[in-house]
Amino acid sequence: MIRIAIGIAAALFLLLLALAMMPWGAFKGRAERALTAQIGAPVTIGAIERRGLFSFAPLLDIRDLRIAQPDWAGAGEMVRVERVTVRLPVLPILTGRFAPEPVEAENGRIVLIRAKDGRKSWERERERSSGGGSGLDRLAVHNLILDYRDAKKDRRATLRIDSDGSGFRAGGDGALGDEPVRIQIAGDPVAGRKRWGFRATVAGPRTRIEADGAMAAPFNTRDMAFALKAQGNDLLDIDRVIEAGLFGTQPVALTGQVSRKGDQWRIERLAGTIGQSRLSNATATVDKSQPGRTRIEGDVVLATLAFDDLASDRGLAIAAARRARLGDRLVPATQIDLKSVSDVDGVLRVRVDRILGTMGFGSAEATLTLDDARLTVAPFAMGMTPGRMSGRVVIDQRGGKSAPTLTLDLSLRGSRIAALAGDGVLDAPLQGHVRLTGEGRTIRAAVGRSSGSIALVGSAGRIPANIASYLGLDVGRGALVDGDKLAALRCMILRLDVKGGTGTMAPFLIDTSRSQSRFAGTVDLSNERLSLAMTGSPKKESLLRLTKPVPVSGTIKSPVMRLPDGAKPNVGGVLKLLGDAIGGDRPPLAEDANCSALAATALR
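Values in this document were obtained by computation on a predicted structure and should not be read as measured data.

K.L.:
Would you mind going over the pairing of strand β24 (residues 451–464) with me for this structure?
P.N.:
Remark: a regular strand shows side chains that alternate across the two faces of the sheet. The pairing of strand β23 (residues 429–439) with β24 spans eight bridges and is classified as antiparallel. Bridging from a neighbouring strand, Val434 pairs with Ile454 of β24. Pairing of β24 with strand β25 (residues 486–499) involves twelve bridges; the strand directions are antiparallel. Note that in β25 the partner of Ser453 across the bridge is Asp497.

If you want it as structure tokens, here you go:
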């Protein structure tokens, strides 16, 4: 038994001795074939030379190393280096692990290409993950050129890399789209697996991004933390660097703390400005541990928010041109397509303390839950002055649908007409709801194809007396009453039954102390055009009174009312109205509506 043990020990010793003295240059051909199979592209080596005669971690000089680009990236070489020196630990080979570590490189060029479809010339299919390395023990580099070309994000860079006892340095020029940038990276000397400080700057006429922090070991991007400063003409400029799926905005300036542990990123104390909007604080955890999926959990607090800040100058110009062509619209054309975030899940809690530039709305709170291309915004609430709009919004694009389905279930409580209508002369308590479901890539398109109901109910308020008379088609009192005089608004009842994007009045009634009017017809929600007829009656006898329906056209934001046929605004028209009144040819007077019953029916 002792002899067997001694024999095994002797065999292991001889094996280790053989490995420690192995003439690795003889394995050049085998190394080329192994690397070719591993990388998935042809690899050639001029020569492999060993330094020294005996070592359990020998240094190998690999001369004239060339790695071709994958076929899809075109002709040429991805790597061409005059000399690469690697350390090859011998002991791991006994367990079947081949783990060479690069320690020196000089006079080379590396060309990295990313295609529009996201393929990367340096990444093998089976290794695709969240990226990063575990660090290097030592690295000396002289005159290594990195040429980076990214068609997907429209960016490029050419950097010279050097690393020695004075530190790590990389610098050169690049471009983010049409913006030229200067790139500078500096780090501590790469010597030992210890905390490695680094500083990086990308600076151009519009964009500037700075990162200052440390990694647990040199180039160990899976364990690092850094302070981030970013500014640009909009978030898209910054997104060309950080690739977070951001969107166009007004000019942005942000600061924050970023850290990474393995597949988990953490963003803390993110604050700054986007146009007039001010971000007080944002925190988020981004988890990429599940292959092909990203999960985000976070909280965002904005002291102020102007919705126009969430669009770039180009986006605002497009919206202005659309308004000029189509007219002002009530429903926004906000994109809701979720295809770009179909691989993202998570929960984001958002609070806005003050909304700027949006009449009637003062604050907002929402929890956004994204799960497999289904976004649920609930609870959702917007504070008004006074009142509150709250409820639930769902955008569902599961199953690879080309366009999402939008579901709106919102209620309005405790508000007033004056909060939305403007000058306050017309005012009453206001409540209502929006319950719609439709399909489309924008909110406007989805509402334009939706079905459901919309209701608004106003009660016990005031209205200018002349407007109250005109609503009853009482031309005489409407023209003669004092413009400052007020009448009672008993109720305003609007219910719109919607099917396939067409809303039918069911009903639309305005009842005042002077008159009552009813609107019949439809609203096309795809273009917000009105096709209505207004009938009205005063509650007291009138000499000048219209008896025919008044057509109402135009749009929700810009309605147009025209006098009915036969009601010409001239002497003959007035004499006709007087003749009808004297001759008794007029419909009966209006009676008070049952406002409470109508309101209950509309809001059901």
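Anyway, onward from the coordinates.
K.L.:
Which parts of the structure should I look at to understand the state of the cysteines?
P.N.:
Each disulfide is one covalent bond, formed between the sulfur atoms of two cysteines. Tallied over the full model, the rule gives one disulfide. Each sulfur of the disulfide joining Cys491 and Cys595 lies 2.2 Å from the other. As the torsion about the S-S bond is roughly -65°, the Cys491-Cys595 disulfide counts as left-handed. With Cys491 in strand β25 and Cys595 in helix α11 (residues 595–602), this pair connects stretches of sequence that are 104 residues apart. As far as burial versus exposure is concerned, Cys491 and Cys595 are alike and both buried.

K.L.:
Would you mind showing me how to read the packing of aromatic side chains here?
P.N.:
For any pair of aromatic rings, geometry is given as the distance between the ring centres together with the angle between the planes. Taken as a whole and assessed by the stated rule, the structure comprises seven aromatic pairs. With 4.5 Å between their ring centres and 20° between their planes, Phe508 and Phe519 make a pair best called stacked. Here Phe519 lies in strand β27 (residues 515–524) and Phe508 lies in strand β26 (residues 502–512), a separation of eleven residues in the sequence. Accessibility classification places Phe508 together with Phe519 in one group, the buried group.

K.L.:
Is there a simple way to think about unusual backbone geometry in this case?
P.N.:
Most peptide bonds take the trans configuration, and most residues that are not glycine carry a negative phi. Following Ala378, the chain continues into Pro379 via a peptide bond in cis, with omega recorded as 0°. Locating Pro379 in the fold gives a position in strand β20 (residues 374–384). For the bond from Ala506 to Pro507, the omega torsion is -5°, close enough to zero to count as cis. Examined against the element boundaries, Pro507 turns out to sit in strand β26. Positive phi, close to 60°, is recorded for Glu528, a residue that is not glycine. Residue placement: Glu528 occurs in the loop between β27 and β28 (529–538).

K.L.:
I keep staring at the pattern of salt bridges and nothing clicks. Help me out?
P.N.:
In a structure, side chains of opposite charge can pair up when their charged atoms sit close to one another. Under the criterion given, the structure shown has 38 salt bridges. Between Glu49 and Arg63 there is a salt bridge, with the nearest N and O atoms lying 3.4 Å from each other. In this pair, Glu49 sits in strand β2 (residues 47–51) while Arg63 sits in strand β3 (residues 59–68), placing the two residues 14 residues apart along the sequence. Residue Glu49 is classed as partly exposed on the basis of its relative accessible area of 36%. Across the pair Arg416 and Asp427 runs a salt bridge, and its minimum N-O distance is 2.9 Å. Within this pair, whereas Arg416 is found in strand β22 (residues 405–416), its partner Asp427 is found in the loop between α6 (417–421) and β23, the two being separated by eleven residues in sequence.

K.L.:
For this particular structure, what's the right way to read helix α2 (residues 28–39)?
P.N.:
Note on helix geometry: an α-helix contains 3.6 residues per turn, so any two residues three or four positions apart are oriented the same way. With twelve residues, α2 should cover 16 Å at 1.5 Å per step; its first-to-last C-alpha distance of 16 Å lies within 8% of that length. Note on α2: the residue one or two positions beyond its end, Gly40, has a positive phi of about 85°.

K.L.:
Where do I start with the environment of Arg51 in this structure?
P.N.:
Within the secondary structure, Arg51 is located in strand β2. For the pair formed by Arg51 and Thr85, sequence separation is 34 residues and the distance between their alpha carbons is 9.6 Å. Other than its neighbours up to four places away in sequence, Arg51 contacts Leu59, Asp61, Arg83, Thr85 and Glu104.

K.L.:
What is the right way to look at the environment of Asp299 in this model?
P.N.:
With respect to the helices and strands, the residue Asp299 is situated in strand β16 (residues 294–306). Looking at Asp299, the relative accessible area reads 33%, which means it is partly exposed. Note: C-alpha distance between Asp299 and Glu268 (31 residues apart in sequence) is 9.8 Å. Not counting residues within four places of it along the chain, the set of residues in contact with Asp299 comprises Asn281, Ala282, Thr283, Leu348 and Arg349. Only 2.8 Å separates the side chain of Asp299 from the side chain of Arg349, close enough to count as a polar contact.

Procedures and definitions
- Here, residues in each chain are numbered from 1, in the same order as that chain's written sequence.
- Predicted model: local features are reported for residues with pLDDT of at least 70 only, side-chain atom pairs are reported and counted for 80 or more only, and whole-chain, interface and lining totals are derived from all residues.
- With hydrogens and water stripped out, all remaining heavy atoms of the structure feed into the side-chain values.
- We call two strands paired when DSSP finds no fewer than two bridges between them.
- Strands here are runs of E lasting at least two residues and helices are runs of H or I lasting at least four, both read from the DSSP assignment and numbered beginning at the N terminus.
- Any cysteine sulfur atom paired with another within 2.5 Å is treated as part of a disulfide.
- Partly exposed describes any residue whose relative accessible area lies between the buried limit of under 20% and the exposed limit of over 50%, with all areas from a 1.4 Å probe on protein chains only and scaled to the type maximum.
- A pair of aromatic rings is counted whenever rings of Phe, Tyr or Trp (Trp by its six-membered ring) have centres within 6.5 Å, and the orientation is called stacked for planes under 30 degrees apart, edge-to-face for over 60 and tilted otherwise.
- By definition, a salt bridge exists where a carboxyl oxygen of Asp or Glu is found within 4 Å of a side-chain nitrogen of Lys or Arg.
- In this scheme, a helix's expected span is set at 1.5 Å multiplied by one less than its residue total.
- Contact between two residues is taken to exist if any of their heavy atoms lie within 4.5 Å; hydrogens are not considered.
- As used in this structure description, the phrase polar contact means that two N or O atoms lie within 3.5 Å; if the pair is within protein, one of them must be able to donate a hydrogen and the other to accept it, and residues adjacent in sequence are counted only when both atoms belong to side chains.

Geometric descriptors of this kind do not, in isolation, establish any biological role.
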